[in-house]
Amino acid sequence: MGVEAHATNERATGRTWTVRLDPVGRGRPDVRVSCSRPACAAQVLPSAAVGRTAAVEHLKAHLRAGPAPRPSAYCACRAEECRTHIRPAGPRERPAPWRCGGAVVLAVVTDREGRWWQVMECCSRCAAAHPTAKIAATAPAPDRTAPADAFRAAAASVPAVSAVGPHFSHTASGASVPHEVPAPRSERPPRPTRQRARRGRIAQRFVPHELRPVALRDELTELGELFRAYQQRAEPDLAMLADLHARKAKAFRAWAEVTADTGLRLDAERAEQAAATARLQHLHRSGQAPEGDGPAVTRLLTASAQWNHARAVLTHVADHSPLPGPEARLLVVMLTLRTAQSGVGNLVGQDLKGLPLPDPEHLVGQLVECGWLEIAGTVDELIASRPENPTRIVVPSLTPDESDPGPFTFGRKMRPKLSGWAQRVVGEKKLRKAKTAADARLLALALATGVSLDGQLGPEGEGLPLEALASWCAVTPAELLELVDRLTATDWLTEVAVTDTVLTGRLTERVLPLSCPLP
């Protein structure tokens, strides 16, 4: 009898399994999708996007085919001591108390980068403690009708209370008070539930319910919901995004005045900058001009972030060029843009022959000898390679690892945009027809990234330092003046004025689409 009772009261630990998305190897685009359930074999897929879709579908198939959560299951999170959402106690801290409770659910927990998905059969309190958890299924409530029926049957079998039975001493008469059996809980009217006030969240901040005025609290809550709804849109609406950032800046500034929080004031300033950037991007994409000053320029790189990344690449090359001379620097710029994101890229002979380099084989050989560049095969094979059989190249200084993420912060989709922009500048039609050398092409790159919105050289048309331009082009200041004349003759520059220290002027309307305005 004791053995049977123990077996009946024993609770099974909640189920848990994980679906992972891992790279197959460094520098390779294919990924591996694996599942911790023993019957599932790993898959190798061609890209992270395809692998992520397959992992999610695999997880959904398990959830559809698997059994529902068991009401009597022991919380899987608690079985692991809730270590994922309770910080271990330090030398001066007490352990955080935690009580599991609520219905048993199937919760899907994932990391923010979308690299793994874990399903847990746990209590609803632990599921709510995970910021990324989503409830896939909830166990049904236990059946309580049988105890109530048994209670009513027992009450019916109790004999009626005697008329001469005991009575309380405070009653007015000696008559007995009939004894009424209380109704079971299932038959009692439900207690009115207290509605918990809605707690807003915006920009990783919770809006306090006690925040006053109430209109400010409601505005912050509504803005948080609108930002989350915007993130779910299939297509961006930059005008709407600019309005949201402007409202956020105004609300955060009012919030900072109420609470005297410096962090909120800084967030308000960042929101104002984001609103201005989004509005400018909208004007560029819609063909309108800022401040209504005529048609806007349709630039090859459309966002200020892209312009900043282009300047970052040119600055990195100026500081880390392995060989002297303008020809070597131009080649390093193009190879850096070809391999910037992962340190690995593909190159064909036409990529080198299209550059104004008198001896590309010698330059490539020097880059290989000094260790800056690694190629698959020989230099002659690289020069002879065609688009259907490109040569793999590696720049070790740009290859990220665990201790060094690399010098650039842009992603895989940004790299080809920057590389295409540089090729358009270097290979611009009139520069090619005039057969300008590498030093003039380097100056064209520098001028394209050093102008204001209307094409004036330098911030607000103040001009660019001659010494910095000459250093970037790997020429002397006297040779730089000759390069300025060449670009003026090829209709790149106009209104040119040169002093002892500064070059002023503006880019012509013809090349403004290639420019990257300064902030």
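Note that the structure is a prediction, hence the values are computed from the model and not measured.

S.K.: I would appreciate a short explanation of the overall build of the protein chain in the present structure.
M.R.: Secondary structure summary: the protein chain contains 18 helices and 14 strands in total. Expressed as a percentage of its 519 residues, the buried residues of the protein chain come to 36%. Look at the contacts in the protein chain between residues 6 or more apart in sequence, and 59% of them connect residues 24 or more apart. As displayed, the protein chain offers around 31100 Å² of accessible surface, 53% of which is attributable to carbon and sulfur atoms.

S.K.: When you look at the pattern of salt bridges in this model, what are you seeing that I'm missing?
M.R.: Two side chains of opposite charge can pair, provided their charged atoms sit close to one another. Scanning the model with the defined rule gives 19 salt bridges in all. Of the charged contacts in the structure, one is a salt bridge between Arg270 and Asp267, with a shortest N-O distance of 2.5 Å. Of this pair, Arg270 and Asp267 both sit in helix α8 (residues 262–285), three residues apart, which is roughly one turn of that helix. With relative accessibility at 17%, the residue Asp267 sits in the buried group. What you see here is one network of salt bridges that share partners, running through Arg205, Asp261, Asp267 and Arg270.

S.K.: Would you mind showing me how to read the environment of Ala340 here?
M.R.: Take Ala340: it is sitting in the loop between α10 (326–339) and β9 (344–347). Exposure remark for Ala340: the relative accessible area of 4% places this residue in the buried category. For the pair Ala340 and Arg415, spaced 75 residues apart in sequence, the C-alpha to C-alpha distance is 6.7 Å. If near-sequence neighbours (up to four positions away) are discounted, Ala340 is found in contact with Leu398, Phe408, Phe410 and Arg415.

S.K.: Looking at this structure, I do not really get the sheet that holds strand β3 (residues 43–45). What am I missing?
M.R.: Overall, antiparallel pairing links the six strands, which are arranged β3-β2-β1-β5-β4-β6 in an open sheet. Strand pairing shows two members of the sheet lacking a second neighbour, β3 and β6 (134–138), which therefore form its edges. The mean angle between the axes of side-by-side strands here comes to 20°, regardless of whether they run parallel or antiparallel. Here strand β4 (residues 104–110) runs beside strand β5 (residues 116–123); their pairing, made up of seven bridges, is antiparallel. Residue pairing in the sheet places Thr110 in a bridge with Trp117 of β5. Where helix α2 (residues 48–65) meets the sheet, it contacts β1 (16–23), β2 (31–35), β3, β4, β5 and β6, and its direction lies at approximately 170° from that of β1.

S.K.: I'm lost on the sheet that holds strand β13 (residues 493–498) in this one. Help?
M.R.: Pairing between sheet strands relies on hydrogen bonds along the backbone, with the strands arranged either parallel or antiparallel. The strand order β12-β14-β13 describes an open sheet built from three strands, whose pairing is antiparallel. Looking at strand neighbours, the two that pair on one side only are β12 (464–465) and β13, the edges of this open sheet. Of the strand pairs in this sheet, β12 and strand β14 (residues 502–507) are connected by two bridges, and their pairing is antiparallel. Paired with Leu464 across the strands is Leu503, a residue of β14.

S.K.: Any chance you could explain helix α17 (residues 466–473) here in plain terms?
M.R.: At 3.6 residues per turn, the α-helix brings residues three or four places apart onto the same side. Listed in full, the buried residues belonging to α17 are Leu466, Leu469, Ala470, Trp472 and Cys473. The arc that holds the buried residues of α17, viewed along the axis, is 160°, so those residues lie on one side.

S.K.: Honestly, a nonpolar patch on the surface in this entry has me stumped. Any pointers?
M.R.: Where nonpolar side chains cluster on the molecular surface, the patch consists of Leu481, Val496 and Val498 and spans about 200 Å² of accessible area. Along the chain, Leu481 turns up in helix α18 (residues 477–489).

S.K.: How do you make sense of the packing of aromatic side chains when you look at a structure like this?
M.R.: One pair of aromatic rings is described through two measures. These are the centre distance and the angle between the planes. Going through the model one piece at a time under the given rule, you end up with two aromatic pairs. Measuring from centroid to centroid gives 5.5 Å for Phe252 and Trp255, while their planes differ by 80°, and the two rings are edge-to-face. Note that Phe252 and Trp255 are positioned in helix α7 (residues 238–259) at a spacing of three residues, about one turn of the helix. The two residues Phe252 and Trp255 agree in class, both being buried. When the ring of Phe408 is compared with that of Phe410, the centres are 5.5 Å apart and the planes differ by 20°; the resulting orientation is stacked.

S.K.: Whenever I open this one, the packing of helix α14 (residues 414–426) against helix α16 (residues 438–448) confuses me. Can you help?
M.R.: Two numbers describe a pair of packed helices, the interaxial angle and the distance between the axes. Between α14 and α16, whose axes approach to 9 Å, the crossing angle comes to 125°. In terms of axis orientation, α14 runs oblique to α16. For the pair α14 and α16, the sense of crossing is right-handed. Where α14 abuts α16, its residues Trp421, Ala422, Val425 and Val426 lie against Arg441, Ala444, Leu445 and Ala448. Of the residues assigned to the contact of α14 with α16, the class counts are seven nonpolar, no polar and one charged.

Basis of the calculations
Residues numbered from 1 in each chain as written. Predicted model: local features only at pLDDT ≥ 70, side-chain atom pairs only at ≥ 80, totals over all residues. Heavy atoms only, no water. Helix = DSSP H or I, 4+ residues; strand = E, 2+ residues; numbered from the N terminus. Buried < 20%, exposed > 50% of the residue type's maximum accessible area, 1.4 Å probe, protein only. Contact = heavy atoms within 4.5 Å. Areas by Shrake-Rupley, 256 points an atom, 1.4 Å probe, with all protein chains shown as cover. Salt bridge = Lys/Arg side-chain N within 4 Å of Asp/Glu carboxyl O. Pairing = 2+ DSSP bridges. Axes fitted to C-alpha atoms, helices over the stretch in contact; angles between N-to-C directions. Arc of directions from axis to C-beta. Patch = residues over 30% accessible without salt bridge, like charges linked within 9 Å, V, L, I, M, F, W, Y side chains within 5 Å. Phe/Tyr/Trp six-rings, centres within 6.5 Å; stacked < 30°, edge-to-face > 60°. Parallel < 35°, antiparallel > 145°, perpendicular 65-115°, else oblique. Left-handed = near helix turned anticlockwise from the far one by under 90°. Nonpolar A, V, L, I, M, F, W, Y, C, P; charged D, E, K, R; others polar.

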